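Structural features, examined
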Amino acid sequence: MAYQLNEKVRDMEPYEPISGTYRIRLDANESFLEIPDYIEADMLHRISELHLNRYPDPLATGVCKGFGKYFNINPDLITVGNGSDELLTLLTQTIMMKGEKLVYTTPDFSMYKCYGYLAENECIEFKKNADFTIDVDALIDLVNREGARMLIFSNPCNPTGVGLPREEVLRLVEGVPDCLVVVDEAYMEFWNQSVLSEVEKYDNMMVLKTCSKSFRMAGIRCGLAIANRTLTNAMRAVKSPYNVNSITQAAAEVLFSYPDDLDTATAKVIKSRDDLYAAVKSLADKYPAKLSLLPTVANFVYVKMPTGEAKRVFEAMKQDGIIVRNMGDYLRITCGTDYENSEVVRALEASL
Ligand SMILES: *Cc1c(COP(=O)(O)O)cnc(C)c1O
């Protein structure tokens, strides 16, 4: 008998990033801004002083302090991960037990279900309304009826760009006392409805943040989980001790020591998002049969097209050196520089 992979992983394929070089990349919701040179120089200096023969600080104390100061959060309530992706893995693999019920919403970030599946959670789908809003009462009912142990959703949502107001998030958390609600706020820098300041008040809420979007550092892999002490102790206990490398820790510490620069960068992305939305909206008004979109509170727009069209337009733009994300009948387009926005809108109109 030859060795056989288990059924769970046998047919899985590695995550395939867009390969090749393209002049414009608006597919992954990264920031179009780079860290300014003077901050990068500070980071490089800090990195040059590290003792890389030594293991990193297991608790990433400096990152917790810097992030805590920026968001006015107690650093003891923060767990740092190798990207939010690692934290999602820990949540499904360790905070959940095999066979327990995980509720995810659709459409939303597809990794929640993927990690839940790998952890052998029982994954239960909750469908959003046609306008991508969440019927909070129906969601509360589902979670309680199923006896779900965890609910994960992104707010604002990737890929729809729609947000759930803060009061509604808290009503949801209060409505499902036996379920841990994980609110993934990867895009909340672009909106103003965070529940971060409330984590200590709830025993069943955790907020996830990331350095990958507004903070312009997708490459360093740094995500944060913020929750009350009990949950934070558990997260810190179950993670591998040296999950966040010293170089990432140094870079993130330096980053959070420039709060004004973080705010400026966020404001620029919001301006770009508003510009891109306005431009694509005017195309939608001009060609109502060909595309439509809803207002967005994230750093991307989510554009609906007639059956088959999104794929065709995606390919046409790719030929033109412009990469966006095609998801079924939708294109998700991350906002970029003024030039990138005007190019993507031009290519979109040309392909209609
Ligand atoms: C981009 C993104 C993240 C960030 O993941 P990292 O692993 O920190 O880069 C988390 N959640 C959602 C919904 C995202 O879109």
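Scroll up for the structure.
Criteria and thresholds
- Residues numbered from 1 in each chain as written.
- Predicted model: local features only at pLDDT ≥ 70, side-chain atom pairs only at ≥ 80, totals over all residues.
- Heavy atoms only, no water.
- 1 Å grid on protein atoms, 1.4 Å probe; cavity = no way out; pocket = protein on both sides within 12 Å on 5 of 7 lines; lining within 4 Å.
- Points joined across faces, edges and corners; volume = space filled by probe spheres on them.
- Nonpolar A, V, L, I, M, F, W, Y, C, P; charged D, E, K, R; others polar.
- Helix = DSSP H or I, 4+ residues; strand = E, 2+ residues; numbered from the N terminus.
- Buried < 20%, exposed > 50% of the residue type's maximum accessible area, 1.4 Å probe, protein only.
- Axes fitted to C-alpha atoms, helices over the stretch in contact; angles between N-to-C directions.
- Parallel < 35°, antiparallel > 145°, perpendicular 65-115°, else oblique.
- Left-handed = near helix turned anticlockwise from the far one by under 90°.
- Contact = heavy atoms within 4.5 Å.
- Polar contact = N/O pair within 3.5 Å; in protein donor to acceptor, adjacent residues only side chain to side chain.

Looking now at empty space enclosed by the protein. Summed over all chains, the structure comprises one cavity of 30 Å³ or more. Approximately 60 Å³ is the volume attributed to the largest cavity. What lines the largest cavity is simply Lys128, Phe132, Thr133, Ile134, Phe153, Ser154, Asn155, Cys157, Val162, Gly163 and Leu164. In terms of residue class, the lining of the largest cavity is built from six nonpolar, four polar and one charged.

Another point: unusual backbone geometry. Between Thr106 and Pro107 the backbone carries a cis peptide bond, its omega angle lying at -10 degrees. Cis geometry marks the peptide bond from Asn155 to Pro156; its omega dihedral reads -5 degrees. Following the sequence through the fold, Pro156 ends up in the loop between strand 5 (150-154) and helix 7 (166-175). Backbone geometry places Glu120, a non-glycine residue, at a positive phi of 60 degrees. Mapped onto the elements of the fold, Glu120 is located in the loop between helix 5 (111-118) and strand 4 (122-127). On the basis of relative accessibility, which here comes to 33%, the residue Glu120 falls in the partly exposed class.

For the pair helix 11 (residues 309-319) and helix 12 (residues 338-351), the least separation of the axes is 10 Å and the interaxial angle reads 125 degrees. By the angle between their directions, the pair helix 11 and helix 12 is classed as oblique. Along this stretch, helix 11 crosses helix 12, giving a crossing that reads as right-handed. Residue-level contacts link Arg312, Val313, Ala316 and Met317 of helix 11 to Val344, Ala347, Leu348 and Ser351 of helix 12. A class-by-class count of the residues in the contact of helix 11 with helix 12 yields six nonpolar, one polar and one charged.

What follows concerns helix 9 (residues 246-256). Among the eleven residues that make up helix 9, nine are buried, leaving the element largely enclosed by the rest of the structure. Taken as a whole, helix 9 has its buried residues at Ser246, Thr248, Gln249, Ala250, Ala251, Ala252, Val254, Leu255 and Phe256. Buried residues along helix 9 sit against helix 2 (37-48), helix 3 (61-71) and helix 10 (259-286). Its side-chain oxygen at 2.9 Å from the backbone nitrogen of Ile247, Asn245 defines the N-terminal cap of helix 9.

Summarising the element assignment, Asn155 is placed in the loop between strand 5 and helix 7. Judged by its relative accessible area of 1%, Asn155 falls in the buried class. A distance of 2.6 Å separates a polar side-chain atom of Asn155 from the backbone nitrogen of Leu164. Beyond its immediate sequence surroundings of up to four residues, Asn155 is in contact with Val162, Gly163, Leu164, Val169, Val183, Asp184, Glu185, Met188 and Trp191.

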